[in-house]
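Coordinate inspection notes
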Amino acid sequence: METYRQYRKDAAPPGSIVIKFYHSGDQIRGFIRKVAGPGEDDAIFPGEEMEPDDAFRAARNKMTGSESPPIYVELSEGVRWDPAWGMLQ
């Protein structure tokens, strides 16, 4: 089971991948961004909303390097973590 970290501003180092989940009608959708350094804008990709499973898969595909850094998750207002997605620390 995957473990993800709860996103908090200034807690995710530059280069971290963040999935933001939000409501789109009655469904949960997500988009992915890469945290930029101070004074820079985060990179958002792709520009479309995705279902949670697709967002997790795309985030893992965006990870680079031999280490496996954590994927951060940001939950918009009213979005609750689904335990089927994994563990959230």
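Let's talk about the nonpolar core
Within the largest apolar cluster, 15 residues are counted, with the highest numbers of intra-cluster contacts made by Ile19, Phe21, Ile32 and Phe56. At the level of elements, β2 (17-24), α1 (52-62) and β5 (71-75) are the ones that each hand at least two residues to this core. Among the elements that line this core, the one with the most residues is α1, at four residues. Sequence-distant contacts of Phe56, that is, excluding residues within four places in its chain, are made with Tyr4, Ile19, Phe21, Val73, Trp81 and Trp85. Of all hydrophobic cores here, the second largest spans five residues; its members include Tyr7, Ala12, Val18 and Val35.

Description of the layout of surface pockets
In this structure, the largest pocket spans a volume of roughly 200 Å³. What lines the largest pocket is a set of 13 residues, among which Tyr7, Asp10, Val35, Ala36 and Asp42 lie closest to the centre. Classifying every residue of the lining of the largest pocket gives seven nonpolar, two polar and four charged. Each pocket or cavity is described by its volume, and for the second largest pocket that value is around 170 Å³. In terms of lining, the second largest pocket is formed by Glu2, Thr3, Tyr4, Arg60, Met63, Glu67, Ser68, Pro69, Pro70 and Ile71. When grouped by side-chain class, the residues that make up the lining of the second largest pocket number five nonpolar, two polar and three charged.

Side note on α1
Three or more residues of α1 are buried, namely Pro52, Ala55, Phe56, Ala58 and Ala59. Seen from one end, α1 has its buried residues packed into an arc of 165°, which puts them on one side. Opposite its buried face, α1 presents the exposed residues Asp53 and Asn61, each directed more than 90 degrees away. Looking at the buried residues of α1, the elements they touch are β1 (3-6), β2, β3 (27-34), β4 (43-50) and β5.

Details of the sheet that holds strand β6 (residues 87-88)
Pairing is mixed across the open sheet formed by six strands, whose spatial order is β4-β3-β2-β5-β1-β6. Among the strands making up the open sheet, the edge pair consists of β4 and β6. Looking at chain direction, β2 and β5 are connected through five bridges and run parallel. Opposite Phe21, over in β5, you have Leu75 as the bridge partner. Along the sheet, α1 makes contact with β1, β2, β3, β4 and β5, crossing β2 at roughly 165°.

Conventions adopted
Residues numbered from 1 in each chain as written. Predicted model: local features only at pLDDT ≥ 70, side-chain atom pairs only at ≥ 80, totals over all residues. Heavy atoms only, no water. Core = buried A, V, L, I, M, F, W, Y, C linked by side-chain atoms within 4.5 Å. Buried < 20%, exposed > 50% of the residue type's maximum accessible area, 1.4 Å probe, protein only. Helix = DSSP H or I, 4+ residues; strand = E, 2+ residues; numbered from the N terminus. Contact = heavy atoms within 4.5 Å. 1 Å grid on protein atoms, 1.4 Å probe; cavity = no way out; pocket = protein on both sides within 12 Å on 5 of 7 lines; lining within 4 Å. Points joined across faces, edges and corners; volume = space filled by probe spheres on them. Nonpolar A, V, L, I, M, F, W, Y, C, P; charged D, E, K, R; others polar. Arc of directions from axis to C-beta. Pairing = 2+ DSSP bridges. Axes fitted to C-alpha atoms, helices over the stretch in contact; angles between N-to-C directions.

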